[in-house]
Amino acid sequence: MATVPKPRSLWRSSLQAREVRLAWFLLLPTALIVLGLVLFPAIFSIWISFHKVGLDNLGSVFTAPFVGLDNFKAVFNDFAFKFQNIRQVGAAVTTIIYALVATVLTLVLGLIAALLLNRPFTGRGIIRGIFLFPYVAPVVSVAFVWKWLLDPRPSGVLNNVLMTLGLIDIPKAYLATRGLALPLVILFQGWRYFPFAMLMILARLQAIDSTLYEAADVDGASVWQKFLYVTLPELRYVLGAIFLLRLMWTFNKFDDIWLLTGGGFGTSVLPVLTYQFSFQTRDFGKGAATAMIQLAILVVFLVIYVGIVMRNVDEE
Amino acid sequence: MANRAAARPRTGTFIDQLAGWLNWWRFIYLLGLIIFLFMILFPFYWMVSSSFKTGAEIAGRTPVYIPSALRLNAYRELFNPAWDHFQNFGVNVLNSIKVAIPTAIIAVILASFGAYAIARLKFRGKELMLNSVLIVYLLPAVLLIIPLFAMLSQLSDRLGFNVQDNLSVLVLTYLAQTLPVALYMLTSYFRTIPDEIEQAGLIDGCSRIGVIWRITLPLAIPALVTVGMYTFMIAWNEFLYALVFLNDRAMFTMPIKINAIFNDPSPRPNVVMAASTIMTIPVIVLFLAFERFLEEGLTAGGVKG
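Since the model is a prediction, treat every value here as computed from it, not as a measurement. Every chain is numbered independently, its residues counted from 1 as its sequence is written. In the order they appear in the text, chains get letters beginning with A and ligands get numbers beginning with 1. For this predicted model, a pLDDT threshold of at least 70 governs which residues receive local features, and a threshold of 80 or more governs which side-chain atom pairs are given and counted, while totals over whole chains, interfaces and linings are taken from all residues.

Segments assigned H or I by DSSP are reported as helices when at least four residues long, segments assigned E as strands when at least two residues long, and all are numbered from the N terminus. Helix and strand counts for chain A come out as 13 helices and zero strands. Sequence-ordered secondary structure for chain A, helices as α and strands as β, is α-α-α-α-α-α-α-α-α-α-α-α-α. In terms of C-alpha radius of gyration, chain A reaches 25 Å, well past the compact-globule figure of 20 Å for 316 residues. For chain A, the spread of C-alpha atoms along the three principal axes comes to 70 × 65 × 35 Å. With C-beta atoms placed from the backbone, the exposure class of a residue follows from how many other C-beta atoms lie within 10 Å of its own: 20 or more, buried; 12 or fewer, exposed; in between, partly exposed. The 316 residues of chain A split such that 41% are buried. Within chain A, counting contacts between residues at least 6 apart in sequence, those at least 24 apart form 64% of the total. Radius of gyration: over C-alpha atoms. The globule rule applied is 2.2 Å multiplied by the number of residues raised to the 0.38 power. Each residue is represented by a C-beta atom placed from its backbone, and any two residues with such atoms within 7 Å are regarded as in contact.

Remark: nonpolar core denotes a set of buried Ala, Val, Leu, Ile, Met, Phe, Trp, Tyr and Cys residues whose joining runs through C-beta atoms within 7 Å. Ala111(B), Ile145(B), Leu179(B), Leu186(B), Val227(B) and Ala275(B) are the most contacted members of the largest nonpolar core, which has 166 residues in total. In terms of residues, this core owes the most to one element, helix α8 (residues 181-206) of chain A, which gives 15 residues. With residues up to four places along the chain from it excluded, the contact list for Ala275(B) reads Leu78(B), Phe89(B), Met254(B), Lys257(B), Ile258(B) and Ile261(B).

Most peptide bonds adopt trans geometry, and most residues besides glycine take a negative phi value. Despite not being glycine, Phe265(A) has its phi angle at roughly 55 degrees, a positive value. Here Phe265(A) is to be found in the loop between α11 (255-261) and α12 (270-280).

A few words on the domain arrangement of chain B. An automatic or database domain assignment supplies the start and end points of every domain. Examined at the domain level, chain B breaks down into domain 1 (1-50) and domain 2 (89-301). Taking only C-alpha atoms, the centre of domain 1 of chain B and the centre of domain 2 of chain B are 40 Å apart.

Glancing now at the interface of chain A and chain B. The interface of chain A with chain B comprises 73 residues on the first partner and 81 residues on the second. For this classification, Asp, Glu, Lys and Arg are treated as charged, while Ala, Val, Leu, Ile, Met, Phe, Trp, Tyr, Cys and Pro are nonpolar and the rest, including Gly, are polar. Here the side of chain A that touches chain B is composed, by residue class, of 58 nonpolar, 13 polar and two charged.

Here we come to the packing of helix α3 (residues 90-118) of chain A against helix α3 (residues 24-50) of chain B. Axis geometry follows a simple rule: fit a line to the C-alpha atoms, using only the stretch in contact for helices, then measure angles between N-to-C directions, giving values from 0 to 180 degrees. One can describe the packing of α3(A) onto α3(B) by two numbers: an axis separation of 10 Å at closest approach and a directional angle of 125 degrees. Comparing the axis directions of α3(A) and α3(B) gives the class oblique. Here α3(A) runs over α3(B); the crossing is left-handed. Contacts from Ile112(A), Ala113(A) and Leu116(A) in α3(A) reach Tyr29(B), Gly32(B), Leu33(B) and Phe36(B) in α3(B). Taken together, the residues of the contact of α3(A) with α3(B) break down into six nonpolar, one polar and no charged. When describing relative orientation, an angle under 35 degrees is termed roughly parallel and one over 145 degrees roughly antiparallel, while 65 to 115 degrees is termed roughly perpendicular and anything else oblique. A crossing counts as left-handed when the near helix is turned anticlockwise from the far one by less than a right angle, and as right-handed when that turn is clockwise.

A few words now on the environment of Ile256(B). Residue and element names in this part refer to chain B. Position of Ile256 among the secondary structure elements: in helix α14 (residues 254-262). Take Ile256: there are 24 C-beta atoms within 10 Å of it, and that puts it in the buried class. Taking the C-alpha atoms as reference, Ile256 lies 6.7 Å from Phe239; in sequence the two are 17 residues apart. Once residues within four sequence positions are removed from consideration, Ile256 is found in contact with Ala242, Leu243 and Leu246.

Of note, Val181(B) is situated in helix α9 (residues 167-192). The buried category is assigned to Val181(B), around which 24 C-beta atoms lie within 10 Å.

Let us look at the confidence of the model for chain B. Low-confidence regions, as indicated by low pLDDT, have predicted coordinates that should not be scrutinised in detail. Residue and element names in this part refer to chain B. When pLDDT is averaged along chain B, the result is 82; 91% of the residues meet or exceed 70. Values of pLDDT, ranging from 0 to 100, describe the predictor's confidence in every residue of the model. Scored below 50 in pLDDT, residues 1-8 shows five contacts in the model against residues more than four places distant or in partner chains. Among the scores for the predicted complex, ipTM is 0.85 and pTM is 0.85.

Here is the structure:
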């Protein structure tokens, strides 16, 4: 890395030792916090998922009885988790649908927004700032606003609009209707997180070599062809990266669904189920087992994704 | 764009000029922008406008799109002790500040120490450390909160402090959530600062610490601001950990308090919206003030959220 050759002298080794010591000293607080409050708990939760831990023995958790795979069996047999029929798909399937569809929606909206803001025009800076509002605003505020816009009473905005237009006769409880709640929660995800995709895509768009477009113009390419054969291939890597990141985060998302529907009406996803098992029925072992299953599904997805999609990107 | 419009003969009416300026693509762009702006801004407009509505305007049969007057009833309920259903929201604002500002400051300090070590000093295992930090991206918050809850209950019994309703515990858990990403962002930024500048400082007789303090940190101010803002926003907006760790209304941070008001048996959406407005405005203002820095940071580090 360093291009300047370092002076070699007798005290070089002691200087190096001092540097190493300084490095560890500087890293120590961060390392302690991450080890103690992230890595150790992550491993500890594997341990918890194989033990019976409830509210009664939380104070003496290290002596909790070992129960083998009982927690996992309890989760797999829980009606909230398992696939029963096409109307009751269970939390595992719901989570996968939710994460995949919401991620794709976020990407598409982000791509459209980035294309809208790519060319300079008066007021672009302000509009780009506004486009980021949903992403920076607190989730509690925006979730409750949305919940109230979708209010089941006739005074709810969506009900009012649809009834005025004559599209529905009686007010609907959108977030409390199976089949409507999940699409709406996904729509909310798209609304809230498209700015993240937009920013990353915009940064890449601005870096595309303009001679590529000039060459396409010379060849007489239409706007659509330029998008398809110049823009999209240039964006492929960043789109793949955003897809990966957002998939992981949406998969692990708790707040949005909890605040909008409380996990009811076909929106029960694994993070919500983990919370409910742990902090509502106070069965921490079962909760940890749910989280482990969630992590396992996520890792399988990532391995498939990195193995197939990313490899194809590299080869082409 | 303006040139072409001006080049046209100015004989027609405004509509003619508009028609000359507008072509098919411009129309699609404009329509797209308007749809996006409306979708984004309407919920925010609804939040702010509803906070000024009266109970009657809220409870009517049809939604009131424009409040009849800027009534402060909802805000009085939040802050005025003499008002009915006084919420004492000031305490919750203060709690959020007490959590978010220390989190931001400590995260910036610790992460810049660590990031400097990884970016500049030579020692074994630093790439491993930087990459393993990214595993945190994978771990869901709900997975960590169970063992954290169990661990901290143990510790609190031994050491004699309260885990529940303890804002310092909350700061610590937020640090654990934000430090890895902060470390990653700052490391990438420090690596863009040329090493030669520091070498020059060292040759001129500065100590390592002097070099960090006088040369590296001033150059890294955009990144430090980004990390500070990002951790502040995470702590300010965080919901799940606060929900689990806080039981006492006097210790609630704003998100939990708003949740509590929302779930009140007698629903008062105008109060919820007033509280949400108060919580949202500082974030939006800070964001707009530091937008240039933040966008750099958001795209450089891929902020978790």
